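Inside the fold
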Amino acid sequence: MPTLVAAADSGQPVPLGPALSIFDPVHIGIDEFGHPVRVPLIYRNMLIGGEPGSGKSGLLNLIAAHGALSLDCRLVLFDGKWVELGQWRDCAEVFVGPSPAQAMAVLTRLQTMMDNRYTYLLAQGARKVERDDDLRVVFPPYLVILDEIAYFSATVGRKQDREDFAVLLRDLVARGRAVGIIVVAATQRPSSDIIPTSLRDLFAWRFAGRCTTNSSSDIILGHGWAQQGWSANTIAPTNPGAGLLITEGGSPQQVKVAYLDDKTCAAIARYAATLRAAVRNPGITGTADLPAAS
């Protein structure tokens, strides 16, 4: 593997360390026994919910950091507040702020790209993008991270626009996995109008930080878990980052999310942006790739 270098402020080359892969499991923290918890995101999606201060931003930043350092994937970020994911902006292909119109345009573009990739897979007799095949280079995986679904799906804009956004997002979550589109979405309002069952059940991984009620916890994890003793309502408000993690067909497990402070996130983001600039090859593009970050 060739050595990657980047120009330092002095003009001298600085060797860069190894990068990650989006096909690698993402380290998100430790379980109740202190063992590391790592989750594979490729071919999967993740839903994150909980009240403000429960640790959602910490988990989002961990996933964004892994995606930024994975040079075999591209980042698309939605952040209605600008600042939750803003540090990763220079690592992203597209950064969507509090603009419903831009959010709709980007989701529509992603849907078009998804359809084009499936058309090509059908022509090639393939079922999905694999780690070790040529399609991974032509069709790099996309990590789509949305902070606060409710801002785009239930808060701003016209009712029809909000409904259209929810429909597009559901389609991306439902069909995007095989062509390398990963959706990670977070919300502070785990209510049925924000996360209907038909959408929640499409997320293979679900993380519930502290919730104010058992029903809010069940909206994230799945109906009936609170009755079985698994409720994020029991998490202490003084324990941010603690939550319940569940996978498709599995049972919840207690997890403490690893914490990256703002300074560390900023350093990782600068490093990742430098890595990406060093290896960028404009000649390799997907069938319907997105425009440059805006």
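The model shown is predicted, which means the values in this text are computed figures rather than measured ones.

Re the nonpolar core
Met46, Ile63, Trp88 and Val184 are the most contacted members of the largest nonpolar core, which totals 44 residues. Here the element with the most residues in this core is helix α1 (residues 56-69); it accounts for eight residues. Not counting residues up to four positions away in its chain, the partners in contact with Ile63 are Val26, Leu41, Met46, Ile48, Leu143, Ile145 and Val184. The next biggest cluster of nonpolar side chains, apart from the first, holds 35 residues, and it includes Leu110, Met114, Leu121 and Phe139.

Examining helix α7 (residues 214-221)
Taken across its eight residues, α7 has six buried, putting it largely inside the fold. The complete set of buried residues in α7 reads Ser216, Ser217, Asp218, Ile219, Ile220 and Leu221. Once α7 ends, the next one or two residues include Gly222, with phi positive near 130°.

Quick notes on the pattern of salt bridges
The tally for this structure, following the rule as stated, stands at seven salt bridges. Notably, a salt bridge pairs Asp24 with Arg131, separated by 3.1 Å at the nearest N-O pair. Of this pair, Asp24 sits in the loop between β2 (13-15) and β3 (26-31) while Arg131 sits in the loop between α2 (100-124) and α3 (135-138), and the two are 107 residues apart along the sequence. Owing to a relative accessible area of 35%, Arg131 belongs among the partly exposed residues under this scheme. Each of Asp115, Asp171 and Arg175 takes part in one network of salt bridges that share partners.

Points about the sheet that holds strand β7 (residues 92-96)
Spatially, β4-β3-β12-β11-β10-β5-β9-β8-β6-β7 is the arrangement adopted by the 10 strands of the open sheet, whose pairing is mixed. Every interior strand has two partners, whereas the edge strands, β4 (36-39) and β7, have only one. Here the average twist between neighbouring strands, direction ignored, is 25°. Pairing of strand β10 (residues 205-209) with strand β11 (residues 242-247), which is carried by five bridges, proceeds in the antiparallel orientation. For Trp205, the partnering residue across the bridge sits in β11 and is Thr247.

Let's talk about the packing of α2 against helix α5 (residues 159-175)
One can describe the packing of α2 onto α5 by two numbers: an axis separation of 10 Å at closest approach and a directional angle of 30°. With respect to each other, α2 and α5 are oriented roughly parallel. As for the relative orientation of α2 and α5, their crossing is left-handed in sense. Together, Ala103, Met104, Leu107, Thr108, Leu110, Gln111, Met114, Asp115 and Tyr118 of α2 and Asp161, Asp164, Phe165, Leu168, Leu169, Asp171, Leu172 and Arg175 of α5 make up the contact between the two elements. Split into classes, the residues belonging to the contact of α2 with α5 amount to 10 nonpolar, two polar and five charged.

Points about α5
The terminal C-alpha atoms of α5, which comprises 17 residues, lie 25 Å apart, in line with the 24 Å expected from a rise of 1.5 Å per residue. If you follow the buried residues of α5, they end up packed against α2, β8 (142-147), α4 (149-155), β9 (181-187) and α6 (197-200).

Some thoughts on the packing of aromatic side chains
Enumeration according to the criterion identifies six aromatic pairs in this entry. Between the aromatic rings of Phe23 and Tyr43, the centroid separation amounts to 6.5 Å while the plane-to-plane angle is 75°, which identifies the pairing as edge-to-face. Linking Phe23 in the loop between β2 and β3 with Tyr43 in the loop between β4 and β5 (46-49), this pair joins segments that are 20 residues apart in sequence. There is no split in this pair, since Phe23 and Tyr43 are both buried. Arranged with centres 5.0 Å apart and planes meeting at 85°, the rings of Tyr151 and Phe152 form a pair that is edge-to-face. Taken together, the aromatic side chains of Phe78, Tyr151, Phe152 and Phe165 make up a single cluster linked through ring pairs. Above the face of the Tyr43 ring, Lys128 is positioned so that its terminal group lies 4.3 Å from the ring centre.

Side note on the confidence of the model for the chain
Here the chain averages 88 in pLDDT, and 89% of its residues register 70 or above. Confidence drops under a pLDDT of 50 for residues 1-10, and excluding neighbours within four residues, the segment shows 18 contacts in the predicted structure. Counting contacts from residues 282-294, a segment whose pLDDT is below 50, to residues more than four positions away or on other chains yields 34 contacts.

Comments concerning the side chain of Asp79
In this structure, Asp79 sits in strand β6 (residues 74-79). Looking at Asp79, its side chain comes within polar contact range of the main-chain nitrogen of Val83, at 3.4 Å. Those residues within four positions of Asp79 in sequence are excluded, and the remaining contacts are Glu84, Leu85, Gly86, Phe95, Val96, Gly97, Pro98 and Asp147.

Side note on unusual backbone geometry
Residue Tyr43 is not a glycine yet carries a positive backbone phi of 65°. On the accessibility criterion, Tyr43 (18% relative accessible area) is buried. If you check the backbone angles, Trp82 has positive phi at about 70° while not being a glycine.

The rules behind these values
Residues numbered from 1 in each chain as written. Predicted model: local features only at pLDDT ≥ 70, side-chain atom pairs only at ≥ 80, totals over all residues. Heavy atoms only, no water. Core = buried A, V, L, I, M, F, W, Y, C linked by side-chain atoms within 4.5 Å. Buried < 20%, exposed > 50% of the residue type's maximum accessible area, 1.4 Å probe, protein only. Helix = DSSP H or I, 4+ residues; strand = E, 2+ residues; numbered from the N terminus. Contact = heavy atoms within 4.5 Å. Salt bridge = Lys/Arg side-chain N within 4 Å of Asp/Glu carboxyl O. Pairing = 2+ DSSP bridges. Axes fitted to C-alpha atoms, helices over the stretch in contact; angles between N-to-C directions. Parallel < 35°, antiparallel > 145°, perpendicular 65-115°, else oblique. Left-handed = near helix turned anticlockwise from the far one by under 90°. Nonpolar A, V, L, I, M, F, W, Y, C, P; charged D, E, K, R; others polar. Expected span 1.5 Å × (residues − 1). Phe/Tyr/Trp six-rings, centres within 6.5 Å; stacked < 30°, edge-to-face > 60°. Lys NZ or Arg CZ within 6 Å of the ring centre and 35° of its normal. pLDDT = per-residue confidence, 0-100. Polar contact = N/O pair within 3.5 Å; in protein donor to acceptor, adjacent residues only side chain to side chain.

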